[in-house]
Amino acid sequence: MTGPLLSLRDLNVSFGQGRSAVHAVRNLSFDVARGEIVAIVGESGSGKSNAVLGLLDLVRAPGRRSVGQLVFDGEDLTGYGPRQMRRIRGRRIAMIFQDPMTALNPLLSVGRQMVDLGRQHLGLSRKAAWARGIEVLETVGITAAEARMKAYPHQLSGGIRQRVMIAMALICEPELLIADEPTTALDVTIQAQIIELVKDLQARLGLSIIWITHDLGVVAALADRVIVMYSGTQIEEGPAEALFNRTGHPYTEALLASMPRVDQAPDGALRTLPQGQREAPDGCLFRARCSYAEPQCAADRPALDSLAPGHRAACFRPDRQRQGAPSHG
Amino acid sequence: MAEQELIFVQDLDVHFDIGREGFGKSSARKVRAVDGLTLKIRPGETMGLVGESGCGKSTAGRAILRLVDPTRGRVMFDGQDLSALGPRGLRQMRKRMQIVHQDPYASLNPRMKVKDIVGESLIVHGLAKGRAVAPRVAALLETVGLGTEAMERYPHEFSGGQRQRVGIARALAVEPDFIVLDESISALDVSIQAQIINLLKDLQRDTGVTYLFISHDMAVVRHMSDRVAVMYLGAVVEMGPSESLYASPRHPYTRALLKSVPVPQVTAAGKPTLEGIKGELASPMEVHKGCRFCNRCPLVQDICRQSPPTLDVVTPGHFAACHFSDRLATAA
């Protein structure tokens, strides 16, 4: 089958009413190709987590979600109700979270939780579900899988717990895996193990992945394509290589320049974003903090325009002369 | 004579008793959070202390300020043994050393206005009283980039980055010689993190304050520090000037840490592979007969399991605790 695995158009998530409403996600539109890893990157409050909650119809009241169009594997999910979405979630689209301790049941052994999943989603027998549990634990590189099945979540280290989460997500052989900051709470050596594991799973199983993170380093190690969010809006999107080397939006540029680098000796002060209104009321949202702002930015809101095939940015001056751009690589 | 160090940590142990092992056994179980730490910090420098969670870096920072009592060893502060001081003497010393914590939500009293949070340390240490407090607080807030309108506000009215600025203003109030920054910027977004890093460096340039910068973030530590100590399971395994430690790490653990950090850079060749390291941190309850890193080390030999390596000079000012640090000299 051709075409993207997932195609989303005009997702909106908001909280509150009228003038005081907070628009957590505005008109978010993107595709995920089969076997592709897409990273959604942004700082806290950028709407990156609400974006996937909205995608999966998991926004809780009083939050509201509306979607223009949502097509998954050729099936139009746009008008699906909660029951129909539940049939897709977990089974064909699986999700892993930052904190496995809140997602795993502390009172049940790993094996029991695996068996429950296998029976509920796949209709397997207890014995078959147990075997499937061991199989997925081995897939994610857990040794002594039989013993781990009998363990309770608190008996496992953070890294193993996150592997168990990934294994559980794989039980139903989902086509799409959505991961929300799954390595943020882990030590860097364990994070490296999980990132390499995910790349390996993508290659072996042909999984498509949406990976939410605030860390541009993780994005570089993992993503084929990147979506940068600022204040609920997609301000740039493109292939990872283009986004890092031919950055289109001044916000992306500032994020990259404000990161201290482990591979480079420090060269003076880090560049900072000017303090200013996070969200301008008209024109470009980012203009109050943008060092390139000009009159047009206050008059109109820039659309997400194409810079090169697959690379888009919401800026009137994507071809600007870069200010003090660091000499990356 | 070499320059006198401001802080001299000598053979410091901090062990925590965690009850007895099982029924009928008599040996008390201990967590060896800090296990034989030796460290010198020179006036006006930033010493980075880096390691993964559970390596003892925060406990070390707290023990240096005597916020926890060491089990063994001593800390000399400007030539004075802190463990020999009584409550009065210690209180006098506290004026010279401060700490900024990771979580500004937990370390600022939510019921106090900012002017009282910052003013309190001035009053407690007898540096100002009555009407003299407010102008001092205003000046401090300005130093950390907050306006005077911040004085009448409560911590919850600020963002995370602003709150951390309040914590820094409070630490600066007593004009300390030494500040322990314990993961002080870890909870902040990168754009805010950059502002605080620049602020800390400016303050150091203007006042000559000495920092112990504790963090798990290898990139931030490189940017902040003049010298860096890498901790693993309670002890320093490598220490040296930032440039040489990052450019040519001489302990396999430091090397593995550096190769685990994803760099925000993509070449036409595609995604980089993170080499990382196998396994996980061993238990800090174990007593180590040999090298504490031997169960995860790619270079491990029999000698590593038998005898612990000492922290030896590899190049002037650069130390590593590895039997095979020579092999890493060229391999970097």
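This is a predicted model, so every value here is computed, not measured.

Section: the overall build of chain B
The helix and strand tally for chain B stands at 12 helices and 12 strands. For the C-alpha atoms alone, the extent of chain B along its principal axes is close to 70 × 60 × 50 Å. Relative to its 332 residues, chain B shows a buried fraction of 51%. Of the contacts made within chain B by residues no fewer than 6 positions apart, 65% connect residues no fewer than 24 positions apart. Taken as a whole, chain B presents about 15000 Å² of accessible surface, with 50% of it coming from carbon and sulfur. Where the 41 positive side-chain charges of chain B centre and where its 36 negative ones centre are 3 Å apart.

A short note on the pattern of salt bridges
This model, assessed by the stated rule, comprises 41 salt bridges over all chains. Between Arg287(A) and Asp282(A) there is a salt bridge, with its nearest N and O atoms 2.4 Å apart. A relative accessible area of 40% means that Asp282(A) is categorised as partly exposed. In this structure, Asp206(B) engages Arg205(B) in a salt bridge whose closest nitrogen and oxygen atoms are separated by 3.7 Å. Side by side, Asp206(B) and Arg205(B) carry an identical accessibility label, which is exposed. Salt bridges sharing common partners tie together Arg34(A), Asp73(A), Glu75(A), Arg87(A), Arg92(A) and Glu175(A).

Structural notes on the interface of chain A and chain B
Contacts between the two partners involve 49 residues from chain A and, on the opposite side, 37 residues from chain B. Overall, the association of chain A and chain B removes approximately 3600 Å² of surface from exposure, summing both partners, and the carbon and sulfur fraction of that is 58%. Here chain A is connected to chain B by one salt bridge. Note that Lys271(B) is salt-bridged to Asp224(A), the shortest N-O span being 3.0 Å. Applying the counting criterion to the chain A and chain B interface returns 15 residue pairs in polar contact (both at pLDDT 80 or more). Of all the elements in the fold, those that place two or more residues in the side of chain A that touches chain B are helix H7 (158-170), helix H8 (188-205), helix H9 (216-222), helix H10 (240-245) and helix H11 (250-257) of chain A. It is H8(A) that contributes the most residues to the side of chain A that touches chain B, nine residues altogether.

Notes on the nonpolar core
The nonpolar side chains of a soluble globular protein tend to be buried with one another. Counting residues in hydrophobic clusters, the biggest one holds 66 residues, and the most contacted among them are Val118(B), Leu141(B) and Ile168(B). It is helix H7 (residues 190-207) of chain B that provides the largest number of residues to this core, a total of six residues. If we skip the residues at most four places from it in the chain, Val118(B) touches Val137(B), Leu140(B), Leu141(B), Val166(B), Ala169(B), Arg170(B) and Ala173(B). Counting residues in hydrophobic clusters, the runner-up holds 42 residues, among them Ala145(A), Val164(A), Cys172(A) and Leu201(A).

A look at the pairing of strand S11 (residues 305-308) of chain A
Residues and elements named next belong to chain A. Pairing of S11 with strand S12 (residues 311-313) involves three bridges; the strand directions are antiparallel. Residue pairing for S12: Asp 305 is matched across the bridge by Ala 313. Taken together, S11 and the strand that follows it, S12, pair antiparallel across an intervening segment of two residues, in which Gly 310 is found at a positive phi of about 80°.

Thoughts on the environment of Ala288(A)
Residues and elements named next belong to chain A. Mapping Ala 288 onto the fold places it in the loop between H11 and helix H12 (295-299). Taking C-alpha positions, Ala 288 is 8.3 Å from Gln 275, a pair spaced 13 residues apart along the chain. Apart from residues lying up to four places away in sequence, Ala 288 is in contact with Gly 276 and Gln 277.

Examining the sheet that holds strand S7 (residues 176-180) of chain A
Residues and elements named next belong to chain A. If you trace the eight strands from one edge of the open sheet to the other, you get S6-S7-S8-S3-S9-S10-S12-S11, paired in mixed fashion. Strands at the two margins of the open sheet, each flanked by one partner only, are strand S6 (93-96) and S11. On average, each strand axis in the sheet is inclined to that of its neighbour by 20°, with strand direction left out of account. Across four bridges, the pairing between S6 and S7 is parallel.

A word on unusual backbone geometry
Omega for the bond connecting Ala61(A) with Pro62(A) falls within 30 degrees of zero, at 10°, which places this linkage in the cis form. Counting through the fold element by element, Pro62(A) comes out in the loop between helix H1 (48-55) and strand S4 (64-72). A positive phi is found at Asn27(A), a non-glycine position, where the angle reads about 45°. Following the sequence through the fold, Asn27(A) ends up in strand S2 (residues 22-32). Its relative accessible area of 45% is what places Asn27(A) among the partly exposed residues. One non-glycine residue, Asp11(B), adopts positive backbone phi at about 50°.

Quick word on H1(A)
All names here are of chain A. When H1 is considered as a whole, its buried residues turn out to be Lys 48, Ala 51, Val 52, Gly 54 and Leu 55. Taken down its axis, H1 places every buried residue within 155° of arc, on the same side. Directly after H1, the chain includes Asp 57, whose backbone phi takes a positive value near 60°.

Concerning the packing of aromatic side chains
All told, the structure shown has seven aromatic pairs over all chains when counted by the stated rule. Between Tyr232(B) and Phe293(B), the ring centres sit 5.1 Å apart and the planes meet at 90°, which makes this aromatic pair edge-to-face. Placement of Tyr232(B) in strand S9 (residues 227-232) and of Phe293(B) in the loop between helix H10 (252-260) and helix H11 (302-306) is noted, with a sequence separation of 61 residues between them. Since its relative accessible area comes to 1%, Phe293(B) is described here as buried. One aromatic cluster is present, built from ring pairs that chain together Tyr230(A), Tyr251(A) and Phe286(A).

Notes on the packing of helix H4 (residues 114-124) of chain B against helix H6 (residues 160-172) of chain B
Residue and element names in this part refer to chain B. As a packed pair, H4 and H6 sit with axes 7 Å apart at the nearest point and diverge in direction by 25°. If you check the angle between H4 and H6, you find them roughly parallel. Considering only the axes of H4 and H6, their crossing is right-handed. Contacts between H4 and H6 involve Val 114, Ile 117, Val 118 and Ser 121 on the former and, on the latter, Val 166, Ala 169 and Arg 170. Residue composition of the contact of H4 with H6, by class: five nonpolar, one polar and one charged.

Some thoughts on the sheet that holds strand S12 (residues 318-320) of chain B
Residue and element names in this part refer to chain B. Here eight strands make up an open sheet; going across it, the order is S6-S7-S8-S3-S9-S10-S12-S11 and the pairing mixed. Each edge of the open sheet carries a strand with a single partner, namely strand S6 (97-100) and strand S11 (312-315). Mean inter-strand twist for the sheet, computed between neighbouring axes without regard to direction, equals 25°. Sheet strands touched by H6: S6 and strand S7 (178-182). Its angle to S6, the strand with the most contacts, is close to 175°.

So, the packing of H4(B) against helix H5 (residues 133-143) of chain B
If you want to describe how two helices pack, look at the angle between their axes and the distance between the axes. Residues and elements named next belong to chain B. One can describe the packing of H4 onto H5 by two numbers: an axis separation of 9 Å at closest approach and a directional angle of 110°. Between H4 and H5, the angle falls in the class roughly perpendicular. The crossing of H4 and H5 is right-handed. Here Val 114, Lys 115, Val 118, Gly 119, Leu 122 and Ile 123 of H4 lie close against H5, whose contacting residues are Val 133, Arg 136, Val 137, Leu 140 and Leu 141. For the contact of H4 with H5, the residue count by class is eight nonpolar, one polar and two charged.

Observations concerning the confidence of the model for chain A
Looking at chain A as a whole, its pLDDT mean stands at 91, while 98% of the residues score no less than 70. Mean pLDDT across the elements of chain A bottoms out in helix H3 (residues 100-103) of chain A (79) and peaks in strand S3 (residues 37-41) of chain A (98).

Cut-offs applied
- Residues numbered from 1 in each chain as written.
- Chains lettered and ligands numbered in written order.
- Predicted model: local features only at pLDDT ≥ 70, side-chain atom pairs only at ≥ 80, totals over all residues.
- Heavy atoms only, no water.
- Helix = DSSP H or I, 4+ residues; strand = E, 2+ residues; numbered from the N terminus.
- Buried < 20%, exposed > 50% of the residue type's maximum accessible area, 1.4 Å probe, protein only.
- Contact = heavy atoms within 4.5 Å.
- Areas by Shrake-Rupley, 256 points an atom, 1.4 Å probe, with all protein chains shown as cover.
- Lys, Arg positive; Asp, Glu negative; His and termini not counted.
- Charge placed at Lys NZ, Arg CZ, Asp CG, Glu CD.
- Salt bridge = Lys/Arg side-chain N within 4 Å of Asp/Glu carboxyl O.
- Buried area = accessible area lost by both parts, 1.4 Å probe.
- Polar contact = N/O pair within 3.5 Å; in protein donor to acceptor, adjacent residues only side chain to side chain.
- Core = buried A, V, L, I, M, F, W, Y, C linked by side-chain atoms within 4.5 Å.
- Pairing = 2+ DSSP bridges.
- Axes fitted to C-alpha atoms, helices over the stretch in contact; angles between N-to-C directions.
- Arc of directions from axis to C-beta.
- Phe/Tyr/Trp six-rings, centres within 6.5 Å; stacked < 30°, edge-to-face > 60°.
- Parallel < 35°, antiparallel > 145°, perpendicular 65-115°, else oblique.
- Left-handed = near helix turned anticlockwise from the far one by under 90°.
- Nonpolar A, V, L, I, M, F, W, Y, C, P; charged D, E, K, R; others polar.
- pLDDT = per-residue confidence, 0-100.

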